[in-house]
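Listed below, chain by chain, are the residues.
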Amino acid sequence: MKDKKKIYFLIFTIILGISLIVLEKPYHADKPYYAKRIFKSERAFGDDYFDIYEIKSKKDEKIDGKSIDDNYYKEVKRFKTMMSTYESEIDNYNDLCDSIDSLEKKPNTVYSFEENIDKHGHRTMYIFNSDLGIGYIFDFQI
């Protein structure tokens with residue numbers, strides 16, 4: 001009887017492990033870029049969070065967006081304020097801010113801002129420069 005329990009436990013553990021590997025898809029796996037989370041805020045009540053991703057374009061993929069404009073600066077202000085509240089927790093905070101500022105000034109930098117209607121309070125913004133092939137995603141849920 002103990003052997004059966006050990007076998008069931010082993011099978012359950014293997015299935016659980018495989019499930020976790022399969023379900024752990026990279027952020028935006030279906031998008032034209034690779035994303036690496038560079039900051040993950042502590043999850044708050046109701047799963048509120050603020051995460052930052054560095055993105056790099058996949059080979060021969062184009063990332064669409066709007067050119068930097070006044071609306072960009074209006075929307076990014078919220079995310080930069082959030083960044084400043086987590087300054088002590090974000091590795092290389094000043095370098096990250098400098099990199100974002102640099103991208104904002106470069107030609108061929110685009111952005112996209114989305115508010116998710118299905119998930120109230122979810123906002124996502126990315127900034128990306130096609131010449132450099134890099135950018136950032138700000139992912140905020142309140």
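Conventions we followed
Residues numbered from 1 in each chain as written. Predicted model: local features only at pLDDT ≥ 70, side-chain atom pairs only at ≥ 80, totals over all residues. Heavy atoms only, no water. Helix = DSSP H or I, 4+ residues; strand = E, 2+ residues; numbered from the N terminus. Buried < 20%, exposed > 50% of the residue type's maximum accessible area, 1.4 Å probe, protein only. Pairing = 2+ DSSP bridges. Phe/Tyr/Trp six-rings, centres within 6.5 Å; stacked < 30°, edge-to-face > 60°. pLDDT = per-residue confidence, 0-100. Contact = heavy atoms within 4.5 Å. Axes fitted to C-alpha atoms, helices over the stretch in contact; angles between N-to-C directions. Parallel < 35°, antiparallel > 145°, perpendicular 65-115°, else oblique. Nonpolar A, V, L, I, M, F, W, Y, C, P; charged D, E, K, R; others polar. Expected span 1.5 Å × (residues − 1). Arc of directions from axis to C-beta.

(A) Representation of unusual backbone geometry within the structure. Despite not being glycine, N92 shows a phi value in the positive range, around 55°. Structurally, N92 can be placed in the loop between α2 (70-85) and α3 (93-105). A relative accessible area of 56% places N92 in the exposed class.

(B) Quick peek at the environment of A44. Inspection of the secondary structure assignment puts A44 in the loop between β1 (33-40) and β2 (49-57). Judged by relative accessible area, which is 42%, A44 ranks as partly exposed. Along the backbone, A44 and I142 are 98 residues apart, and their C-alpha atoms lie at a distance of 9.1 Å.

(C) Spatial organisation of the pairing of strand β6 (residues 134-141). β6 sits mainly inside the fold: 7 of its 8 residues count as buried. With 8 bridges connecting them, β2 and β6 associate as antiparallel partners. Bridge pairing in β6 places Y49 opposite Q141. Inspection of the sheet shows strand β5 (residues 122-129) paired to β6 by 8 bridges, in the antiparallel sense. From the neighbouring strand, R123 faces β6, where its bridge partner is F140. Hairpin geometry of β5 and β6 is characterised by an intervening segment of 4 residues between the two adjacent antiparallel strands and by a positive phi of about 75° at G133.

(D) Quick look at the packing of aromatic side chains. Using the criterion set out here, one finds 8 aromatic pairs in the structure. Seen in terms of ring centroids, Y72 and Y73 are 5.1 Å apart; in terms of plane orientation they differ by 80°. Their pairing is edge-to-face. Take Y73: its relative accessible area is 40%, and that puts it in the partly exposed class. Ring centres of F79 and F113 lie 6.3 Å apart, and the angle between their planes is 65°; on these two criteria the pair is classed as edge-to-face.

(E) Layout of the pairing of β2. Relative to β2, β1 runs antiparallel, the two sharing 7 bridges. Note that in β2 the partner of K36 across the bridge is E54.

(F) Highlighting the confidence of the model for the chain. Counting all residues, the mean pLDDT for the chain is 82, and 77% of those residues have values of 70 or more. Across the chain, the element-wise mean pLDDT spans from 64 in helix α1 (residues 2-23) up to 95 in α3. In the predicted structure, residues 22-28 sits below a pLDDT of 50 and forms 7 contacts with residues beyond four places in sequence or in another chain.

(G) Main features of the packing of α2 against α3. Packing of α2 against α3 leaves a shortest axis separation of 12 Å and a crossing angle of 175°. Judged by the inter-axis angle, α2 sits roughly antiparallel to α3. Only Y93, L96, C97, I100, D101 and E104 of α3 make contact with α2, whose side of the interface consists of Y72, Y73, V76, K80, M83 and S84. Here the residues of the contact of α2 with α3 are counted per class, giving 8 nonpolar, 1 polar and 3 charged.

(H) Geometry of α3. In a regular helix each residue adds 1.5 Å, so 13 residues correspond to 18 Å; α3 covers 19 Å between its end C-alpha atoms and thus fits that length. Every buried residue of α3 is listed here: Y93, L96, C97, S99, I100, L103 and E104. The buried residues of α3 occupy an angular sector of 160° when the element is viewed end-on, so they sit on one face. Within α3, the exposed residues directed more than 90 degrees away from the buried face are N94, D95, D98 and K105. Buried residues along α3 sit against β1, β2, α2, β4 (109-116), β5 and β6.

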